[in-house]
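Secondary and tertiary structure notes
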Amino acid sequence: PRRGEAGGVQSKSPKEIVLAPDQKTIADKIIAAFAEKTPKPILLDGVTGAGKTEVYFEAIAHALHNNKQALILLPEIALSNAFLERFEHRFGFIPALWHSGLTPAQRRKTWRALALGQIPVIIGARSALFLPYPDLGVIVVDEEHDSAFKQEETPIYHARDMAIVRAHLAHIPVVLVSATPSLETMHNAWTGRYAHLHLPDRFGGARLPDIHLIDLKADKPESQHFIAPTLKSALIDTLQTGEQALLFLNRRGYAPLTLCRGCGHRMECPRCTSWLVEHKKSNRLHCHHCGFGQALPKTCPACNAEKSFVPCGPGVERIYEEVSALFPDARTLLLASDTVSGEDDLRDKLRQIKDRQVDIIIGTQIIAKGHHFPALTLVGAVDADLALGGEELRAAERTYQLLYQVAGRAGRAERPGRVYIQTHVPGHPLMQALAHGSREQFLEAESAQRQHARMPPFSRLVGIIIAGRKEAQVIAATRALAQSAPHGHGVETLGPAPAPLARLRGRYRYRFLVRAERQLNIQKTVKAWLENVKIPTSIRVAVDVDPQSFL
């Protein structure tokens, strides 16, 4: 079958794989959970390149041997390309896929085949949880920490948490897999709610890469450039030895901000509270929240100055431009979600990297995790401070996870890897944790801060967004809700306040944040509050239990 079709027909027996002793010990423990009546969720935790995939493949092989079905959840379909090849090599057949890119005909075919028990294994995005499995035997949530598992649109849910619920109801094992587990998952492991299995070393004797911090205040790039001299020298060395390099920047487009050099006017999305981002490839300005786009104006709408707009800051397209000028003979590839035309194009570009047809990769988080390129020995994080700004609860945790994952692409085979992280705050605890490999200390410090602030996982949060086309109606509904907001007895309501994205896709937005002690039934409290206030039908109230984003 072609990729994306129902697939999954088991034509061969799984290959016998010889695991390393520590892998075999952990695989046996996971397999033992199949015999338990109500097994605990299992956290499979290990450094990048430790062979976690081969370990949980053993659990899938056990399920198939007992005529059970298996579900593997991946946060992004981009991760499935190389993964499918690994799976087919291990099990001798192509598993079925389930994601938003399938056509209606493919969805019908897969749904029917699965319901009839004709599909033994399915790899899917979060919605794959709700398919009709007649005999599901195991669930694997790979990259369990990834925020893509949280669906922000109605119905709002977290696929990792729903996988745990579904496994509990079916009395089957669920395996949460990550090199950088979320703090919530680690807290459950520390307190004994989850079984914790750990692989501390890379497979086959490969070493973890050496991580170096570049202080951008001392090691400054040239004017209008963004690659520091130290990283530039490392790129030269890597190219001379015929190895591959990856430059990581989690920002699409050419520049995050475009403004008039005469009056300082900034181009803003007419439908959202956000700045438009310049994209050189399309020669247009784009909104990354609603998809609005327009040509770059020839004159400033504020002061009428001609050709006065200049880009500020780097996106991956600007880094690509800089690298192409520095290394004109190098084969350079730009990889971001808006530079690939589809699944086949992405698969082709990833194969080019693997076949060493590319010298320097410049990419966003699409390349940061789940990929294995043996010749890739150098990783450079161009702007490691990018996600540390703002007041997001999980900003430090997510920055650590992303940088650790992208660093893990380096030196995964016999050649040692090097990682250079460009930062303005090298003394930040997060940067020091990355440089010294002290993940546990970072997590413990982050946990202590959350506990002091009475934030998850030591409390429960509910985000409530009130949105509508007319701002006056939104404000009136918000005030009505504020009059009876829950307070006291282990619960408090923060707000109302305009949401950070106060206007999104043409809707005005205000928000509340309800915080409660863990033992309180927060869903029941919020439900009773909202039912007692009459809200006009033109106003939409979205309730997000355990929010991952606060925009």
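Preceding this paragraph is the structure being described.
1. A word on the sheet that holds strand E22 (residues 491-504)
Strand order across the open sheet formed by four strands is E22-E23-E21-E24, with antiparallel pairing between neighbours. With partners counted over all chains shown, the strands left at the sheet margins are E22 and strand E24 (540-545), one partner each. Across the sheet, the axes of successive neighbouring strands diverge by a mean angle of 20°, strand direction being ignored. Strand direction decides the pairing type here: strand E21 (residues 460-468) and E24, joined by six bridges, are antiparallel. Within the sheet, the bridge partner assigned to isoleucine 466 lies in E24 and is valine 541. Lying over the sheet, helix H13 (residues 471-482) contacts E21, E22 and strand E23 (507-516), oriented at roughly 15° with respect to E23. Strand contacts of helix H14 (residues 522-531): E21, E22, E23 and E24, with the helix running at about 30° to E21, the strand carrying the most contacts.

2. Points about the environment of glycine 49
Within the fold, glycine 49 resides in the loop between strand E1 (42-46) and helix H2 (52-65). Each C-alpha atom, one on glycine 49 and one on isoleucine 139, is 22 Å from the other, the two residues being 90 residues apart in sequence. Sequence-distant contacts of glycine 49, that is, excluding residues within four places in its chain, are made with Arg202, Phe203 and Arg412.

3. What to know about the side chain of threonine 377
Take threonine 377: it is sitting in strand E19 (residues 376-381). Judged by its relative accessible area of 2%, threonine 377 falls in the buried class. Of the polar contacts made by the side chain of threonine 377, one reaches the side chain of glutamate 243; its length is 2.7 Å. Excluding residues within four positions of it along the chain, threonine 377 makes contact with Thr238, Glu243, Gln244, Ala410, Gly411, Arg415, Pro416, Gly417 and Arg418.

4. Examining the nonpolar core
Counting 100 residues, the largest nonpolar core has Leu44, Ile60, Ile72 and Ile139 as its most contacted members. In this structure, isoleucine 139 is in contact with Leu71, Leu129, Ala163, Arg166, Ala167, Ile172, Pro173, Val174 and Val175, ignoring residues within four places of it in sequence. In terms of nonpolar packing, the next biggest core, distinct from the first, is built from 23 residues, Leu216, Phe226, Ala330 and Ala336 among them.

5. With respect to the packing of helix H1 (residues 21-32) against H2
It is the contact of H1 with H2, at a shortest axis distance of 9 Å, that shows an interaxial angle of 35°. The handedness of the crossing between H1 and H2 is right-handed. Together, Gln23, Ile26, Ala27, Ile30 and Ile31 of H1 and Glu54, Val55, Glu58, Ala59 and His62 of H2 make up the contact between the two elements.

6. Regarding H1
Spanning 12 residues, H1 covers 17 Å between terminal C-alpha atoms, matching the ideal 16 Å at 1.5 Å per step. Taken as a whole, H1 has its buried residues at Gln23, Ile26, Ala27 and Ile30. Viewed along the axis of H1, the buried residues span an arc of 105°, placing them on a single side of the element. The inward-facing, buried residues of H1 abut E1, H2, strand E8 (174-178) and strand E9 (195-199).

7. Section: the state of the cysteines
Considering all chains together, one arrives at zero disulfides under this definition. The thiol of cysteine 269 is unpaired, and the distance to the nearest cysteine sulfur, on cysteine 290, comes to 3.7 Å. Take cysteine 269: its relative accessible area is 3%, and that puts it in the buried class.

8. Things to note about the packing of aromatic side chains
All told, the structure shown has 11 aromatic pairs when counted by the stated rule. Relative to phenylalanine 57, the ring of tyrosine 56 has its centre 5.6 Å away and its plane inclined at 90°; by these criteria the two rings are edge-to-face. Assessed through its relative accessible area of 0%, phenylalanine 57 is described here as buried. With centroids separated by 5.4 Å and ring planes inclined at 85°, the aromatic side chains of phenylalanine 512 and tryptophan 529 adopt a geometry described as edge-to-face. Note that phenylalanine 512 is positioned in strand E23 and tryptophan 529 in helix H14, a separation of 17 residues in sequence. By relative accessible area, which is 1% here, phenylalanine 512 ends up buried. Under the relative-accessibility criterion, tryptophan 529 is labelled buried at 4%. Site record: aromatic cluster; members linked through ring pairs are Tyr56, Phe57, Phe83, Phe87, Phe91 and Phe93.

9. Brief notes about the sheet that holds strand E2 (residues 69-73)
Strand order in the open sheet formed by seven strands is E3-E4-E2-E5-E8-E1-E9, and the pairing between neighbours is parallel. If you trace the sheet from one side to the other, it starts and ends with strand E3 (96-98) and E9, each paired once. Neighbour-to-neighbour, the strand axes of the sheet open up by a mean angle of 20°, direction not taken into account. As defined by bridge partners, strand E5 (residues 136-142) adjoins E8 across four bridges and the pair is classed as parallel. Bridged to valine 140 within E8 is valine 175. Contacting E1, E8 and E9, H1 runs over the sheet at an angle of about 160° to E9. On top of the sheet, helix H5 (residues 159-170) reaches E2, E5 and E8; it is set at about 160° to E5, its chief contact.

10. Quick word on a positive patch on the surface
Taken together, the side chains of Arg271, Arg469, Arg505 and Arg540 present a region of like positive charge at the surface. Position of arginine 271 among the secondary structure elements: in the loop between strand E12 (257-260) and strand E13 (277-279). The class of arginine 271 is partly exposed, set by a relative accessible area of 36%.

Rules used throughout
Numbering of residues starts from 1 in every chain and runs along the sequence as written. Local features in this predicted model are restricted to residues whose pLDDT is 70 or higher, and side-chain atom pairs enter the listing and the counts only when it is 80 or higher, whereas totals over whole chains, interfaces and linings include all residues. Side-chain numbers come from the whole structure's heavy atoms, not from hydrogens or water. Any two strands are treated as partners once DSSP identifies two or more bridges connecting them. Counting from the N terminus, the helices are the DSSP runs of H or I reaching at least four residues and the strands are the DSSP runs of E reaching at least two. Lines are fitted to the C-alpha atoms to define the axes, a helix being fitted only along its stretch in contact, and any angle between axes, read from their N-to-C directions, falls within 0 to 180 degrees. Contacts were defined at the residue level, with two residues in contact if any of their heavy atoms lie within 4.5 Å. Partly exposed residues are those whose accessible area sits between 20% and 50% of the maximum for their type, while under 20% is buried and over 50% is exposed, using a 1.4 Å probe and protein chains only. Counted as a polar contact is a pair of N or O atoms within 3.5 Å, where, for protein atoms, one must be capable of donating a hydrogen and the other of accepting one, and residues adjacent in sequence contribute only when both atoms are in side chains. Only buried residues count toward a nonpolar core, which is a set of Ala, Val, Leu, Ile, Met, Phe, Trp, Tyr and Cys residues joined through side-chain atoms within 4.5 Å. For a crossing to be left-handed, the near helix must be turned anticlockwise from the far one by less than a right angle; the clockwise case is right-handed. Under the convention used throughout, the expected extent of a helix is 1.5 Å for every residue step, that is, one less than its residue count. Think of it as the arc spanned by the lines of direction from the helix axis to the C-beta atoms. When two cysteine sulfur atoms lie within 2.5 Å, the pair is treated as a disulfide. Each Phe, Tyr or Trp ring, with Trp reduced to its six-membered ring, pairs with another whose centre is within 6.5 Å; inter-plane angles below 30 degrees give stacked pairs, above 60 give edge-to-face pairs, and intermediate values give tilted ones. The patches reported here contain residues having more than 30% relative accessible area and no salt bridge. Joining distances are 9 Å for like charges and 5 Å for nonpolar side chains (Val, Leu, Ile, Met, Phe, Trp, Tyr). With residues, only the protein chains shown are counted as cover, and all accessible areas are computed by Shrake-Rupley using a 1.4 Å probe. Take a side-chain nitrogen of Lys or Arg and a carboxyl oxygen of Asp or Glu: if they are within 4 Å of each other, that pair is a salt bridge. Positive charge is attributed to Lys and Arg, negative charge to Asp and Glu, and no charge count is given to His or to the chain ends. Note on charges: their place is set at NZ of Lys, CZ of Arg, CG of Asp or CD of Glu.

Keep in mind these numbers describe shape, not what the thing actually does.
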